[in-house]
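Close look at the chain arrangement
The residues making up each chain are set out below.
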Amino acid sequence: MNSIAADRAKPGAGLFRVRQILDNVEAKPVSTALTWPATLNPAASKRYYFWLVAPAVALLAFISIYPFFWMIYMGLHDVEIGSVVWNDFANFTRLPSDSRYVGGWLLLFQYSAMCLALQIGIGVFLAVALNGLRHEKILVTMLLMPMMIAPLVAGMVWYFLYNGTFGWYHWLLQSVGILGPKSILGSPDTAMLAIVIIDVWQWTPLITLITLAGLKRVPQDQLEANMVDGASPFVNFISVTLPNLYPVLLIAIMLRFMDNFRFIDSALVLTGGGPGNATKILPIYLFEVSFKFFKLGRGAAIALTLLVVTIILGMILAKVFDRLHPKRT
Amino acid sequence: MASRDIVQYQAPLSRAFGWFSAVFLALYLVWTLLPILVMFISSFKDLLEAFKIPPVGDWAGVTLFFDFTPTFKHYENLFVNLNFSQYMANSLIAAGGSAAISVILGSMAAYSLSRIDFHGKSDLLFWIISTRMAPVVAVMVPLYWIFRELELVGTLPGLILAYTTFNLPFAIWILKGFFDDVPYAIEEAQMVDGATRFQAFLSILPLVGPGIGAVVVLCILFAWNDYLFAAIIGSGGAKTLSVATRELVQPQNIQWGPIMAAGVVTTLPMMLLGLVIRRYLVAGLTMGAVKE
Amino acid sequence: MFYVPKEAVFRRISRRKFLELGGGAASSLGVGSMTLGLGSTITRRRVQAQSSDDAKWKQYAGSKLTFLSENTPPSFAVRDNIKTFQDLTGIEVTILTDDLPVVQQKVGIDLRSGKADYLLNYVQDKPIGAPFAEFYADMTPLFGDATLPQDPDGYGDDAWFENFLSACGRFYTEGKIVALPYDCAVACTFYRQDIFEANSKDFEAEHGYRLEFTKDSTWKNVIDMAAFFKKAKEAGKDVPYGYAQHHGSFAWTTQLDIQRLLFANGRWMDWNIDDVYGSKEPGKTNWGDEQSVLIMTKFKELADVCHPDNLANGTLELNTVYQAGNIAMQTQYHEFAASIEDEKTSRAAGGKTAYAVCPKGEASWIKNGGEAVNGCNLGIGGIGINGNASDDLKRAAYTFAIWSVSRENQFNDLKGLGGTPTRKSVFAMEEVKKSMVRPTTMPNALTFDAVYNYCIKNPHIVLGPKIPQANEYHSILAAEVQKCLSNEQTPEEACKSIQTQLDELNGAG
């Protein structure tokens, strides 16, 4: 068991323990392997396990470490046509004054915050509404359909729906008087909403699923005890249910947050960053710099900052796992 | 269940809440399924019919949406003229190949990582999962460079390897959780009975079978739904469904009919797979952090 | 066989089912070919200058070439017709088509990494030609090579429409030609004669001149017309909007839209550089000067009376708006005429639409002392040969390049798929001449008089700016113009912001 204690001090350690702790099945010791069968030579065992891990680690190292150093190298150079010139960190030092870069971060956070707020709000509400319904299973199955759709296809379908000439959603929005003849993608004020909506459409079900899983673990005895004491369901929800959901919700938030950083397929199809720069979230700007402007040095610098922030987020995520999992053993 | 019993104790307020949530749920279901329905129905419409829309505010005009003669010509076009069966095979091979490699290497690694402990193990695990966190756009250019050197651009093996970059860490991560749940005593018993270590490893594989099945399906799902890798690394010889679908957007002609049909072709298999592993979806999509 | 523990997890579901699932998926992986690589291969037979034409065409029989192109009609036409080329040369050509941004990415990566995966490229003038010109093979030595087959119409400037060869083939220097004109999209005015006629009286009462579109119609007139229709529409009359433009996410069209106004009024250009050859060091931009601010103001004024969805529409979306009868006039690329004349999809078909030149500059708007012209611009795609390839590959590719832009091919493309010719000899064909008036079997030809006899000629045409940073230039310009149009900034602010960013971009700050 001492290995668990040691693990807990490190980021990420909780990630693979939470599943057991959250599971109603009694947690099994992680480190049973520490007791070697007497017949086996421990050193040989270690070597054996090492060779089982090696291919995967080697492959991952190959496809992750090389790009990482490549990015650092390119990020420190001026990569113009046919030449690579050291440029004294200019790719990095110019970033703070690049309005599209700074704006890209702000928009990314704004985009992600809007997505998350809506997804959590709607997702949790749906989960509470669904929890224990007679047809819960089938309803949930219907709900999760959008998650299976390729983001590119989703983007195209929504583009079709949003279109100002033949789009049914545009017709609907116009008919109820929310929009005029200007379509949702035609104004910087609404274009962001358009890409938020598609993310909400695709990924709210995930929040619902996660929350449902969390709801099943809310201690019923406590809820009932509070009821007897006269607490309203609403108070009960706030004081008992919600705190129990925090860990799973935090996991959901971090995962969605990171996915917003990682995937831009549907936004690329829908707005490509426009109009103006209204939806030019950082990954889209990075895409432009690397693949449209072919500024590999600048692109690498932007990519590195994005990567570092994503990994820091990942570490926070790992810490969150450690801190907030319900301590029931 | 208990929660429902409790709700029934409370009179008007929670009844109102019940109604409200039922209405909300119904509306939400409509909003969730409508785009899929539109995609499905539009794939059977002639372009002219797909563009038919009532005047603003004419609610009765909604019937126009269903006013069409179904045609299979878009599907026919995809598979007869546009070589979509090849693209579908490419998608399948790329997604399946990467899933196979990820699961084989992943289960070996996950098994070992579940069975041994060493200094820095959690760092190694974090590093493994961090390789999956990288924004695709960020790593695309350097990856392209390596793949180009290895003559892998535009080939299915190249695309398989590209997908393995995000599927392998995922597989290791999830499978480790499954192996953790299998007591070491089983292998121990096997080895005491004279089995080799590898035989012992194989003997517990059936116990993590469901995990392996779920991981295979999820790896296929992730790879199948990818666009950026396929567009850049798979370009040319390994065109997948999503790239082929995007290509139907032509400067002078967005072929909405075939696009919708291609959307259905791309989506339907994944929806079916999603249903099959419905139970593992949450665990899979939350990296095993949350389990139903 | 082996012990299964009682407490095994996941026992609630059918384990067998999942095993089967995993196994089934795994076994289905084995099928299919795994080696669909790219790349070109070459086989060669020596020929002499005095060899027969057939031998010259056939010298690379058995070779394989790859051509990466945009998904536009000429490429489809060439692909449909590829058998002819194969019969002629024995060379197998794989034609890959993609969305222009994707073509750009792939070509860029391929050229810059010193490879020749894509031996032949679609060299769209500004997006691909301007940044990558030096990676393409110089075709001039091949033009006169007696050991290669040659096109009887030749490749000189006279063989193509005015400026076309320079537009896609010459970058920063006169001597080197990197691409042959393959297809083109020239801006011209599409308007609804029927709607114009029906509203002519009211318009004349209000504005004192007839509602008609001629060579002398200015951008000021366009604003009048758009404003008239908008007012009538808002007053509840059954009329469409008057005008609309394409400022959607496809950055090039936003730049082209405003460039036409800027050039029409005093032939204003972004930089004081030659617009035909371009410049690698354009220096300080003219953005921010009095002329640019005035035109930006007028551009905004125009946008305010247009169909309100300009910012969501690219070329095709705008064309759909026009096809649906929701606008009375658009400035559109002449390759779209075929879709307008399609009775099945367009309400503007059947003689309702007239095709005219681009609007003219307004004398009172000109502050730089320049001339008022019918400012017109174009996007032109060339076919170029990857400079990283070996000499033999280049020569083999050359046979395909000249074949693909031959008169016959361009004619087939025009006739079959609604393409746009670049060779004068196509224009001179009797069948094409006859098609320039209704009834026509080649609707694109309805635009040819306005386009080839007027718009593309000097002094109306503007080609540039050809600068290595063309793509970022387009992106910056589009973003700032769009911000101005959506009231996020004033025209002055937009011009200043463009000025600052462009000067920084070119190191001219």
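Only a predicted model underlies this, so the values are computations on that prediction, with no experimental measurement involved. (Residues numbered from 1 in each chain as written. Chains lettered and ligands numbered in written order. Predicted model: local features only at pLDDT ≥ 70, side-chain atom pairs only at ≥ 80, totals over all residues.)

Here the focus is the overall build of chain C. Helix and strand counts for chain C stand at 21 helices and 7 strands. With respect to the three principal axes, the spread of C-alpha positions in chain C is 90 × 85 × 55 Å. Sorting the 509 residues of chain C into buried and exposed places 58% on the buried side. A separation of at least 24 residues holds for 74% of the contacts in chain C among residues at least 6 apart in sequence. (Helix = DSSP H or I, 4+ residues; strand = E, 2+ residues; numbered from the N terminus. Buried ≥ 20, exposed ≤ 12 C-beta atoms within 10 Å, placed from the backbone. Contact = placed C-beta atoms within 7 Å.)

Scanning chain A for helices and strands turns up 14 helices and 2 strands. Counting only residues that meet the buried cut, chain A has 51% of its 329 residues in that class. Contacts in chain A between residues far apart in sequence, at least 24 positions, make up 69% of those at least 6 positions apart.

Right, let's talk about the UniProt feature "transmembrane region" (unreviewed entry) in chain A for a bit. All names here are of chain A. Listed under "transmembrane region" (unreviewed entry) in the UniProt record, and renumbered for this structure, are residues 48-73, 105-130, 142-162, 192-214, 234-255 and 299-321. What you have in residues 48-73 is 100% helix and 0% strand, and the ends, taken at the C-alpha atoms, are 36 Å apart. Between the end C-alpha atoms of residues 142-162 the distance is 23 Å, and the span holds 67% helix and 0% strand. (UniProt positions renumbered as here; feature names shortened; annotations may be inferred.)

Quick look at the pairing of strand 4 (residues 179-192) of chain C now. All names here are of chain C. Across the 14 residues of strand 4, 14 count as buried, placing the element largely inside the fold. Pairing of strand 4 with strand 7 (residues 378-385) involves 7 bridges; the strand directions are antiparallel. Following the sheet pairing, alanine 185 is matched in strand 7 by glycine 379. As defined by bridge partners, strand 4 adjoins strand 5 (residues 329-333) across 5 bridges and the pair is classed as antiparallel. Bridge pairing in strand 5 links cysteine 188 to glutamine 332. In this sheet, strand 6 (residues 353-356) lies alongside strand 4 in antiparallel orientation, the contact comprising 4 bridges. Bridged to threonine 189 within strand 6 is alanine 356. (Pairing = 2+ DSSP bridges.)

Another point: the domain arrangement of chain C. All names here are of chain C. If you check the domain split of chain C, you get domain 1 (53-184 + 379-447) and domain 2 (187-377 + 449-505). For domain 1 and domain 2, the distance between their C-alpha centres works out to 29 Å. Counting residues at the interface gives 24 residues for domain 1 and 27 residues for domain 2. If you list the elements that add at least two residues to the side of domain 1 that touches domain 2, you get helix 6 (125-132) and helix 8 (164-169). (Domains from an automatic or database assignment.)

Glancing now at the interface of chain B and chain A. Contacts between the two partners involve 97 residues from chain B, matched on the other side by 98 residues from chain A. It is helix 2 (residues 12-42) of chain B that contributes the most residues to the side of chain B that touches chain A, 12 residues altogether. Looking at the side of chain B that touches chain A residue by residue, the classes come out as 61 nonpolar, 23 polar and 13 charged. (Nonpolar A, V, L, I, M, F, W, Y, C, P; charged D, E, K, R; others polar.)

This part takes up the UniProt feature "domain: ABC transmembrane type-1" (unreviewed entry) in chain A. Under the UniProt annotation, the feature "domain: ABC transmembrane type-1" (unreviewed entry) is placed at residues 105-317 of chain A. Annotated as residues 105-317 of chain A, this span is 75% helix and 0% strand, and its ends, taken at the C-alpha atoms, are 20 Å apart.

Let us look at the packing of helix 5 (residues 99-130) of chain A against helix 9 (residues 188-215) of chain A. Working note: a packed helix pair is described by the angle between its axes plus the distance between those axes. All names here are of chain A. It is the contact of helix 5 with helix 9, at a shortest axis distance of 6 Å, that shows an interaxial angle of 40°. The orientation of helix 5 with respect to helix 9, classified from their angle, is oblique. In this structure, helix 5 meets helix 9 at a crossing whose hand is right-handed. Packed against helix 5, whose contacting residues are Tyr111, Met114, Cys115, Leu118, Gln119, Ile120, Ile122, Gly123, Val124, Leu126, Ala127 and Leu130, the element helix 9 presents Met192, Ile195, Val196, Asp199, Val200, Trp203, Thr204, Ile207, Thr208, Thr211, Leu212 and Leu215 at the interface. (Axes fitted to C-alpha atoms, helices over the stretch in contact; angles between N-to-C directions. Parallel < 35°, antiparallel > 145°, perpendicular 65-115°, else oblique. Left-handed = near helix turned anticlockwise from the far one by under 90°.)

On to the pairing of strand 7 of chain C. Residue and element names in this part refer to chain C. For strand 7, the buried fraction is high: 8 of the 8 residues fall into the buried class. Bridging between strand 3 (residues 120-124) and strand 7 involves 5 bridges; their strand directions are antiparallel. Of the residues in strand 7, the one forming a bridge with valine 123 is glycine 382.

Inspection of the secondary structure puts B:Ala22 in helix 2. When the 12 C-beta atoms within 10 Å are taken as the criterion, B:Ala22 is described as exposed.

As a further point, take the packing of helix 8 (residues 156-180) of chain B against helix 11 (residues 209-224) of chain B. Residue and element names in this part refer to chain B. Contact geometry of helix 8 with helix 11 gives a least axis separation of 10 Å together with a crossing angle of 155°. Taken together, the axes of helix 8 and helix 11 lie roughly antiparallel to each other. Like other packed secondary-structure pairs, helix 8 and helix 11 cross with a definite hand, here right-handed. Packed against helix 8, whose contacting residues are Tyr163, Phe166, Asn167, Phe170, Ala171, Ile174, Leu175 and Phe178, the element helix 11 presents Gly211, Val215, Cys219, Phe222 and Ala223 at the interface. Class assignment for the residues of the contact of helix 8 with helix 11 results in 11 nonpolar, 2 polar and no charged.

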